[in-house]
Amino acid sequence: MSVLDFDLSDRGFWAKPMTEREEAFERLRSLRAPAFFEEMEMSYAPKGPGYYALVKHADILEASRNPEVFCSGDGGATNIPDMPAEFAEYFGSMINMDDPRHARLRRIVSRAFTPKMIKQFEADVEAAAVGIVDDLVAKGSGCDFVTEVAARLPLKIICDMMGIPERDYQFVFDRSNLILGGFDPEYTGGDLEQLAEKLLNAGMELQQLVQDLAAHRADHPTNDLTSSLVNANIDGERLTMQELGSFFILLVVAGNETTRNAISYGLRLLTKNPDQRALWLADVDGRAPGAVEEIVRLASPVNYMRRKVTRDFEMNGHLYREGLKVVLFYWAANRDEAVFRDPLSFDITRHPNPHVGYGGPGPHFCLGAHLARREITVMFRELLRRVPNIEGGRPDRLHSSFINGIKHMECTF
Ligand code: HEM
């Protein structure tokens, strides 16, 4: 990069303070054409052809609307280097596929995500949030908000949905942290050379867990998602055991590592913006929808998704060459000054708020968006009612380019 003095493919970039990250992406947004970056060297994948960093809201919308040009298969959407073939067994679920395979899987699983199913879980979300805040109050000020509050709700909900018993929560949590641990030694153990093996192991263990459960549910169905997924539904379509395993991995990872960070960033935003807290407190339920969208916009827990260009294509005045990659930086688009007035300010009354925190408009738009909104809403409703003055201290951030994560954050109240 000649004109830029930073490199998005440099691990060190992602450890810099947030203000530096903000400045770097502001600069990228001000460029006439998207910047191109070489890919980083990985021990488990050959170096790829490089990628354009899409940082403008308009580019992300347009790329998302053209999935046949900007595809998610052919190496995967959740990683910049092409995913090695042996990873596909565990991590090759629908998020890393294109239609028609993607559509078939999404059709089967969304039938299990029926409004009735979600409704049933809404009551569970409320009960779980009440229990978590009970425990927080009992523990008292000074505990780790991430592990004691933010992480517990999505973990419990996703495990309950699938029928995973409570004794396995920690097992699931540790493996999901490792899978999305980025470059962070706390989750990955520090040795990036051995990371591929650890990832495969974590994938295998999660797959085994759900396949054992599925074998039981095939004969003894309950009302959980695993039962609906292993038993043939109306059109006779069902998932194979491999598809079930990789979908479960997608679900636990997507469900855990995102909502947790939205809740943690939400507390940090309230701490930094007492005027917005006062506004929300004045009408806890009425303000919730706007506040939750604004939290997801600024938190952008999923920093990016990647696509591969399937044919030469001109978009918003720029030519994208076949075979190259594009990375859709949702976090950056959610700060695009062309769309959001005063983009860095936390404004729970922001309207409209067309953020792309759950992805752009297209076939991969977040399957769990409704559930995530519910979880964040209910968690803050409980917190604001029972510990209205709760504050989050300095966040201990995850070292990752993919997930905007907070590993630990002391809370006081
Ligand atoms: C604040 C919380 C969340 C955020 C920010 C988030 C973000 C995203 C994003 C950006 C995508 C788009 C992927 C793409 O375009 O390639 C996505 C897809 C997905 N999300 Fe979420 N997500 C959240 C919560 C959840 C939850 C709770 C679940 C599960 C219950 C979930 C399950 C999924 C699945 C299965 C997909 C893949 C959809 C597909 O490929 O068709 N997400 N999410």
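Up top you'll find the structure we're talking about.
Remember, predicted model here, so these are calculated numbers, not experimental data.

Undergrad: How should I be thinking about the pairing of strand 4 (residues 304-309) in this particular structure?
TA: Along any regular strand the residues' side chains alternate between the sheet's two faces. Extensive coverage of strand 4 is indicated by the burial of six of its six residues. Burial along strand 4 is two-sided: Tyr-304, Arg-306 and Lys-308 facing one way and Met-305, Arg-307 and Val-309 facing the other are all buried. Strand direction decides the pairing type here: strand 4 and strand 7 (residues 325-329), joined by five bridges, are antiparallel. In the sheet register, Arg-306 faces strand 7, and the bridge partner there is Val-327.

Undergrad: Where do I start with the packing of aromatic side chains in this structure?
TA: The relation between two aromatic rings is expressed through the spacing of the ring centres and the mutual angle of the planes. Applying the stated criterion across every chain yields a total of 18 aromatic pairs. Ring-pair connections join several aromatic residues into one group, and the members of that group are Phe-6, Phe-13, Trp-14, Phe-25, Tyr-304, Phe-329, Trp-331 and Phe-402. Just above the ring of Trp-331 sits the side chain of Arg-21; from NZ or CZ to the centre is 5.9 Å.

Undergrad: Before we go on, may I ask you to explain unusual backbone geometry in this structure?
TA: Phi is mostly negative for residues that are not glycine, and the peptide bonds are mostly trans. A cis amide bond, omega 5 degrees, links Asp-99 with the succeeding residue Pro-100. Along the chain, the position of Pro-100 falls in the loop between helix 3 (85-91) and helix 4 (101-112). Even without being a glycine, Asp-74 presents a positive backbone phi close to 55 degrees. Tracing the chain through its elements places Asp-74 in the loop between strand 3 (70-71) and helix 3. Of the residues examined, Asp-74 reaches a relative accessible area of 51% and is grouped as exposed.

Reading guide: rules and limits
Residues numbered from 1 in each chain as written. Predicted model: local features only at pLDDT ≥ 70, side-chain atom pairs only at ≥ 80, totals over all residues. Heavy atoms only, no water. Buried < 20%, exposed > 50% of the residue type's maximum accessible area, 1.4 Å probe, protein only. Helix = DSSP H or I, 4+ residues; strand = E, 2+ residues; numbered from the N terminus. Pairing = 2+ DSSP bridges. Phe/Tyr/Trp six-rings, centres within 6.5 Å; stacked < 30°, edge-to-face > 60°. Lys NZ or Arg CZ within 6 Å of the ring centre and 35° of its normal.

What is shown is where atoms sit, not what they do.
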